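Listed below are the residues making up each chain.
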Amino acid sequence: SRRPRFASRAPSGLSPTFRGLEPLEERRLLTFAAPVTTALDNVPQCFAVGDFSGDGKVDMAVEIGGLAGQNGPHDPSFRIELFQGNGDGTFQPPVTVYNFGNDSASSLAAADLNHDGKLDLLALVPSSLGTKLDVFFGNGDGTFQSPKTYAVSSATSMALGDVTGDRQTDVVLVGTDSHDAITIQTLLNNGDGTFQSPVTSTLGSFTTSQGYVFEPTSLAIGDFSGDGKLDAVVANYADSRVLVSQGNGDGTFQSPISYTTEAIPAMQQPLIYVGVSALAVGDFNHDGKLDIAASNYAAKSVSVLLGNGDGTFQTSINDSIGAQPYDMVAGDFNGDGNLDLAISDRVSNAVDVLYGNGDGTFQLPANVASVNSPMAMAVADLNQDGLSDLVLTNVGYNSGMPDYYAATTILSTPAPPQPPPSKGSSSQGTTPDESFLARVYQQLLDRAIDPAASAYWNTYLQQGGSRLDVALAIQSSAEYRTDQVELLYQRYLQRNADPAGLQTFVQMLGAGGTLEEVAATLLGSAEYASHLVAQAGQTLDAAFVEALFQDVLGRAATEGDVAAFGAMLAQGVSRGEVAAFVLASAEYRGQLAENWYQVSLGRAVDPGALQFIEQSLANGQTDQQLLAAIVSSDEYAAEIS
């Protein structure tokens, strides 16, 4: 039988108060290094980051142009230039990818559209002949094929995601039509990187509080309603509202619901660019439901709308930040498991981080860098250490004309240890901390701890740091995340991870994604389906359910399992969604907890701890947080003493 045997004792040190283990300010493990600037030849219009050259290092594609520029005459044409990354936050000299001439792209994005393991590049271009979408297939070496062009209606912003649940990357565009109505256009991926004609949804006409036409300037997508279908949120720089439109799962979107952010100050209302400057989507309060953050330029605040999980949101929580945010991105920038917000403030020449409290609120901004005129931002792991770094563009103005333009990288780095409390002299020989570090490295990374890591973490622990934070930091490393993704590829696809897939999933984990989400994506992929073998008289869906149960739960599916999940698939539920359902089941979570206890504590999980782990996972806690709690428990320490 695969049913776990239960013990009657609970692990000392693991309790239902896990969320409140330590105050955030005492658990900050990461900080930021000094910014590094890369000069650009002209004004940056938009950019995208990713490993376009296939060497495991993050590159930067930037569209520049429009001005003769400083330091002598420069080519004013609009063109995409690729800066290959050196893996340390610096870049090689640029290579021109494509020249648009007099037409400027409003948005760049990167994704592996045709599943060849090579990143492709997309450009939304409001051309003089009409708006177009250019798709550049990557060759995997930093070069690209000639663009394939798709005609679209007027659009200002672009987002990428799987809109229909078929595990293909689709394109979502937002703009206004000739009647000033907001439109969302969806270009569905055929599976080979080519796209169908746009499917257009008209959301209606809106005016701002000043009477201007509501023209969307920001777009973000996510499953706000919990139905497995991507929804959209749009905002306008001249208004203090966000509009949320639920997706139907076929590329169309419903009429939006309007939500108010913090009001524009009265003295600023006659101005245009004073409203919502940027959007970020994430689970900011660990309840498993997507939330929305909106930065308010004139109000100098950030508004957080907590999701109810059904496509609706609570009244916004407005946090005053004392800065004028131009752009905003979300990421875990201090390694505590809570999503934070980074903002660029071009007025104060500052990059600030609002550290999340894990309940949907944020601390006051902490200045992490002084940067000349920071503007657009992105999050990437630039030096392959598993930490969230920042990439941004800079444009300085003099008498209304750009006179400074560059790109800046800011690397996350382990924070230096704080002054130690008085703890007396250390004992000679192997200390408990050294024993803990040796075992936790072997368990989590399957290797001996290296001398540099041993010295750093021993100092950290001697100076009052917690073992919980050490375990969380190890599981936040690129090494750990890479190992886990590789294991999932081997388990479900029986092969090594390709570079593009490895990068995508490691970055996904760094942005708050879970191993179960990675597993569900692999299990729902066309490659997994290609390994299915249907028996005589059996459908492929039934074969999928049987393989899924064997691969995930280690047992054969019952007739009831096959019938129930087969019915879901017949009703249009995707295989990835079915896999996610199984990965969220009490049976799978019970096996997960049993494995953690056997490996970490050498015993079976007891009923109380099992219930706590299942409830914690259901409430949005991650595998990494719970495993860290186990290996930092008193019982774990007793096992190695």
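Residues numbered from 1 in each chain as written. Predicted model: local features only at pLDDT ≥ 70, side-chain atom pairs only at ≥ 80, totals over all residues. Heavy atoms only, no water.

**Focus: the overall build of the protein**
Part 1 of the argument: Helix and strand counts for the protein stand at 14 helices and 30 strands.
Part 2 of the argument: Considering the protein as a whole, with its 641 residues, one finds that 54% of them fall into the buried category.
Part 3 of the argument: Within the protein, residue pairs in contact and separated by at least 24 positions form 52% of the contacts whose partners lie at least 6 positions apart.
Part 4 of the argument: If you sum the accessible surface of the protein, you get close to 25900 Å²; carbon and sulfur atoms cover 50% of it. (Helix = DSSP H or I, 4+ residues; strand = E, 2+ residues; numbered from the N terminus. Buried < 20%, exposed > 50% of the residue type's maximum accessible area, 1.4 Å probe, protein only. Contact = heavy atoms within 4.5 Å. Areas by Shrake-Rupley, 256 points an atom, 1.4 Å probe, with all protein chains shown as cover.)

**A word on helix α13 (residues 623-631)**
Part 1 of the argument: Among the nine residues that make up α13, nine are buried, leaving the element largely enclosed by the rest of the structure.
Part 2 of the argument: Looking at α13, one finds that the buried residues are D623, Q624, Q625, L626, L627, A628, A629, I630 and V631.

**Comments concerning unusual backbone geometry**
Part 1 of the argument: Unlike most non-glycine residues, H115 shows phi in positive territory, near 60°.
Part 2 of the argument: For H115, the location among the structural elements is in the loop between β7 (107-111) and β8 (120-127).
Part 3 of the argument: The phi dihedral of S373 falls on the positive side, at around 50°, and the residue is not glycine.
Part 4 of the argument: Positionally, S373 belongs in the loop between β26 (366-370) and β27 (374-380).
Part 5 of the argument: Judged by its relative accessible area of 10%, S373 is buried.

**Things to note about the layout of surface pockets**
Part 1 of the argument: By volume, the second largest pocket is sized at about 770 Å³.
Part 2 of the argument: If you go around the second largest pocket, you meet 27 residues; those closest to its centre are Q484, L487, L592, N595 and W596.
Part 3 of the argument: At the level of elements, α1 (432-445), α4 (478-493), α6 (515-523), α11 (586-601) and α13 are the ones that each hand at least two residues to the lining of the second largest pocket.
Part 4 of the argument: When residues of the lining of the second largest pocket are assigned to their parent elements, the largest contribution, seven residues, is made by α4.
Part 5 of the argument: Across the lining of the second largest pocket, the residue classes tally to 15 nonpolar, six polar and six charged. (1 Å grid on protein atoms, 1.4 Å probe; cavity = no way out; pocket = protein on both sides within 12 Å on 5 of 7 lines; lining within 4 Å. Points joined across faces, edges and corners; volume = space filled by probe spheres on them. Nonpolar A, V, L, I, M, F, W, Y, C, P; charged D, E, K, R; others polar.)

**Description of the sheet that holds strand β17 (residues 241-245)**
To summarise the sheet geometry, strands pair through backbone hydrogen bonds and adopt either a parallel or an antiparallel arrangement.
Part 1 of the argument: The four strands lie next to each other as β15-β16-β17-β18, forming an open sheet whose pairing is antiparallel. Every other strand in the sheet has two partners, leaving β15 (218-222) and β18 (257-260) as the edge strands with one partner each. Each strand of the sheet is rotated relative to its neighbour by a mean of 25°, with strand direction disregarded.
Part 2 of the argument: Here four bridges tie β17 to β18, and the two strands are oriented antiparallel to one another. (Pairing = 2+ DSSP bridges. Axes fitted to C-alpha atoms, helices over the stretch in contact; angles between N-to-C directions.)

**Describing the pairing of strand β19 (residues 276-282)**
Part 1 of the argument: Within β19, six of the seven residues are buried, which leaves it mostly tucked inside the rest of the structure.
Part 2 of the argument: Taken together, the six bridges between β19 and strand β20 (residues 291-296) define a ladder with antiparallel strand orientation. Across the sheet, the residue bridging to G282 is D291, located in β20.

**Thoughts on the environment of V347**
Part 1 of the argument: Within the element layout of this structure, V347 appears in the loop between β24 (340-345) and β25 (350-354).
Part 2 of the argument: Spatially, the C-alpha atom of V347 lies 9.4 Å from that of N372, the residues being 25 residues apart in sequence.
Part 3 of the argument: Beyond its immediate sequence surroundings of up to four residues, V347 is in contact with Y297 and Q324.

**Some points on helix α12 (residues 607-618)**
Part 1 of the argument: When the terminal C-alpha atoms of α12 are compared, their 16 Å separation across 12 residues agrees well with the 16 Å that a helix rising 1.5 Å per residue should span.
Part 2 of the argument: Of all the positions in α12, only A609, L610, F612, I613, S616 and L617 are classed as buried. Here the buried residues of α12 occupy an arc of 165° about the axis, which is enough to place them on one side.
Part 3 of the argument: Backbone geometry just after α12 places G620 at a positive phi near 105°. (Expected span 1.5 Å × (residues − 1). Arc of directions from axis to C-beta.)

**Looking at the environment of N318**
Part 1 of the argument: On the secondary structure map, N318 appears in strand β22 (residues 317-320).
Part 2 of the argument: On a C-alpha basis, the gap between N318 and N296 in space is 9.4 Å, while along the polypeptide they are 22 residues apart.
Part 3 of the argument: In this structure N318 touches T261, E262, V302 and S303, once residues within four positions along its chain are discounted.
Part 4 of the argument: A distance of 2.5 Å separates polar atoms of two side chains, one belonging to N318 and the other to S303.
Part 5 of the argument: A distance of 3.2 Å separates the side chain of N318 from the side chain of S316, its partner in a polar contact. (Polar contact = N/O pair within 3.5 Å; in protein donor to acceptor, adjacent residues only side chain to side chain.)

**Concerning the sheet that holds strand β14 (residues 199-205)**
Part 1 of the argument: The strand order across the open sheet built from four strands is β11-β12-β13-β14, with neighbouring strands paired in antiparallel fashion. Edge positions in the sheet fall to β11 (157-161) and β14, since each of these pairs with one other strand and no more. Strand after strand, the sheet turns through a mean of 20° between neighbouring axes, direction not considered.
Part 2 of the argument: As paired strands, β11 and strand β12 (residues 170-176) are joined by five bridges and run antiparallel to one another. Across the sheet, the residue bridging to G161 is D170, located in β12.

**Some remarks on the pattern of salt bridges**
Part 1 of the argument: Applying the stated rule across the entire model yields 13 salt bridges.
Part 2 of the argument: For D134, the salt bridge goes to K132, with nearest N and O atoms at 3.4 Å.
Part 3 of the argument: A relative accessible area of 0% means that D134 is categorised as buried.
Part 4 of the argument: Taking the shortest distance from any N to any O, the salt bridge between R447 and D450 comes out at 3.2 Å. (Salt bridge = Lys/Arg side-chain N within 4 Å of Asp/Glu carboxyl O.)

**Some remarks on the packing of aromatic side chains**
Part 1 of the argument: According to the stated counting rule, one finds 15 aromatic pairs in the structure shown.
Part 2 of the argument: Between the aromatic rings of W457 and Y460, the centroid separation amounts to 5.5 Å while the plane-to-plane angle is 90°, which identifies the pairing as edge-to-face. Taken as a pair, W457 and Y460 lie in helix α2 (residues 451-462) at a separation of three residues, close to a single helical turn. Just as W457 is buried, Y460 falls in that class too.
Part 3 of the argument: Members of the aromatic cluster, each reached through a chain of ring pairs, are Y98, F100 and F136. (Phe/Tyr/Trp six-rings, centres within 6.5 Å; stacked < 30°, edge-to-face > 60°.)

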